[in-house]
Structure formats: C-alpha cells, structure tokens
Amino acid sequence: MTNNNQYKSVFLSDIHLGFNGCQNKKLENFLTNTDFENLYLVGDIIDFWSMEDKFYWPDSHQKILNIFESKYVKGANVFYISGNHDDPLRDQPLLEEIMQKDEVYKKIISVLKKFEHKERHDFVSSKYGKLLILHGDQYDAVTSNAKWISKFGGMLYDILIMINRPMSKYLKNLTKKIVSGASGFQKLVKEECLEGNYVGLICGHNHRPEILKYKTHVYMNTGDWVESCSAIVEEMDGTFKLIKVDENFDIETISTL
Ligand SMILES: [Mn+2]
C-alpha cells in the first residue's frame, strides 16, 4: 500500500485485540496509510473474553489503540459501538473493576474512555439516509441468553484457529448457522430496519464481510481482522465500499453500494 487513502468514514469491527489470532500488522498498515473524518469501531475491538481466559497483550496490540487515539487527537470523530467480546463497555461498574486489575487494563481502558460509547448509533448517510450501526450480537439469541455456550464456542474456535485457519473458518460459519440461524438473523435485521425507518444497517459480529441489497433495506457487514481483514468505508461522495487488505497490504474492493 503506497497511496494515502482518504475516506469520509471507516467502519471496523471484530479486531479482537488481546487475542493472538488478530492480524494487527495488516490493520496497522491500513490505518497508518488511511485518513478519515469518522471512525466507527463496531464492537469486538478488544477481546476481553479471550484476555480473561488467557492473558495476551503485546505492544503491537496497544499500538493499534494508540493509532486510534492519535487519529482522535488530530480531529477524527471516534465512536465505539460495543460488542459481546467487549461487553464490559456496556457495564460501567464492571469496567471500573477491570480497570483496577492492573496497569495494562488501566492503559487500555483509559484510551477507550476518550471515545464516545454507545450500543446503537443512528448514522445519517448523505447519499442513502438513516442507517443503524450496531455490533450484531443483539440478534444472536445464544450470545445474550446463554453466555457460557458462546464462550465455550469461542474457546473452541481459538484452539481451532491455532491448528488450522480454513477449518476454523468453516467450523465457525457452521456453528453460527446451527446456533443462531443465518436466516433468523437476517429476519431480525429486516424487522429492525422497517420498524425504525432505517434504509439499512451496518454491523459485524459474524465475521462474514458482505454488502447485501434487499428490496426493503441494505445490509452491510464489516467482516473482521482475524480472517477477512476487511472494512466498510464511506467515500467522500457518500458511496459505501467493502474493502479488504491483502497479503501485500494492498486494498481490494469487494463490493460497492
Ligand atoms: Mn461479536
């Protein structure tokens, strides 16, 4: 990647900092070569669950947070929309408790506290209208009703990813399909858009990057930084794109809205 990329907004989710499967090098390269006015962190940015099970926090992961912070200091708007793996951000007393644990957590959370936090955000696109931004676990019955099943699945996934990446991807897709039902998820998305008068929705959570155009609404998923290394970006003219960072750090456009 040699050129400086200019976007109005960048949407990232499922980075999973604190988990050793995170492809932080690609993300670091993307961020340092990209300028934007708005940054939307669409959940599972920090993997507090993984850190709790097996503590992992290299300098390279702290560096990603520091880049977010420096973009913010230079004037970018940074919105943090929490996900299930960073759910302590949805619980203020728990967050304070974690912050007191040790210096590393203190350092992480003190950066995060600078940003605007929400669980849902109404985004107004100049080209399309009102879009809802949320992580997506809200549509996942298993995650909210039985956290332990989801946690167990997450642990299994962490082990599998160390053994075999393509296999783990296949298994994760399969488990998500069995557990929540991809069609059930899309049905809830559609209902939410119709009820709230949204032209569409931007989320993450299932690690499946895609832009889907339905008659009633649009569905955009940012993907993740464990496997796909993808993002949704809003161009200066309001066009949305799903992009992917490849092995040579080049940006590839997957689909356009
Ligand atoms: Mn998630």
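Remember, it's a predicted structure, so these values are computed and weren't measured experimentally.

Conventions and cut-offs
- Residues numbered from 1 in each chain as written.
- Predicted model: local features only at pLDDT ≥ 70, side-chain atom pairs only at ≥ 80, totals over all residues.
- Heavy atoms only, no water.
- Donors = N, O, S within 2.8 Å, 3.2 Å for Na, K, Ca; no water.
- Helix = DSSP H or I, 4+ residues; strand = E, 2+ residues; numbered from the N terminus.
- Salt bridge = Lys/Arg side-chain N within 4 Å of Asp/Glu carboxyl O.
- Buried < 20%, exposed > 50% of the residue type's maximum accessible area, 1.4 Å probe, protein only.
- Contact = heavy atoms within 4.5 Å.
- Pairing = 2+ DSSP bridges.
- Axes fitted to C-alpha atoms, helices over the stretch in contact; angles between N-to-C directions.

Here we come to the coordination of the manganese ion. Around a metal, the perfect tetrahedron of four donors has angles of 109.5 degrees, and the perfect octahedron of six donors has angles of 90 or 180 degrees. D44 (OD), N84 (OD1), H135 (NE2) and H205 (ND1) make up the full set of protein donors to the manganese ion, lying at 2.1 to 2.4 Å. If you list the donors of the manganese ion from N- to C-terminus, the spacing comes out as D-x39-N-x50-H-x69-H. In this pair, N84 sits in the loop between β3 (77-81) and α4 (92-99) while H205 sits in the loop between β7 (200-203) and β8 (210-213), placing the two residues 121 residues apart along the sequence.

With that out of the way, let us pick up unusual backbone geometry. Its identity is not glycine, yet D14 carries a phi of approximately 50°, on the positive side. Here D14 is to be found in the loop between β1 (5-12) and α1 (24-32). Within the chain, H205 stands out as a residue other than glycine whose phi angle is a positive 80°.

What follows deals with the pattern of salt bridges. Using the criterion set out here, one finds twelve salt bridges in the structure. Here E69 and K114 are joined by a salt bridge, their closest N and O atoms 2.4 Å apart. Taken together, the residues E69 in helix α3 (residues 59-73) and K114 in the loop between α5 (103-112) and β4 (116-118) connect sequence positions 45 residues apart. A salt bridge links E96 to K113, with the nearest nitrogen and oxygen atoms 3.0 Å apart. Of this pair, E96 sits in helix α4 while K113 sits in the loop between α5 and β4, and the two are 17 residues apart along the sequence. On the basis of relative accessible area, K113 is assigned to the partly exposed category, the value being 40%. One salt-bridge network, held together by shared partners, links R90, E119 and D137.

Bringing α1 into the picture now. In terms of residue burial, α1 counts as a mostly covered element, since seven of its nine residues are buried. Along α1, the residues classified as buried are N24, K26, L27, E28, N29, F30 and L31. On its buried face, α1 is in contact with β1, β2 (34-41), α3, β11 (240-245) and β12 (251-256).

In space, the seven strands of this open sheet follow the order β4-β3-β2-β1-β10-β11-β12, with mixed pairing throughout. Single-partner strands in this sheet number two, and they are β4 and β12. Here the average twist between neighbouring strands, direction ignored, is 35°. Two elements, β11 and β12, share five bridges in a ladder whose sense is antiparallel. Bridging from a neighbouring strand, L242 pairs with S255 of β12. The sheet contacts of α3 involve β1, β2 and β3, and relative to β2 the element is tilted by about 110°.

Burial of β2 is extensive: six of the eight residues sit out of reach of the surface. As judged from the seven bridges shared by β1 and β2, these two strands associate in the parallel manner. Bridge pairing in β2 links Q6 to D35. Across four bridges, the pairing between β2 and β3 is parallel. Within β3, the position partnered with L39 by the bridge is V78.

So yeah, pure geometry; function would need other evidence.
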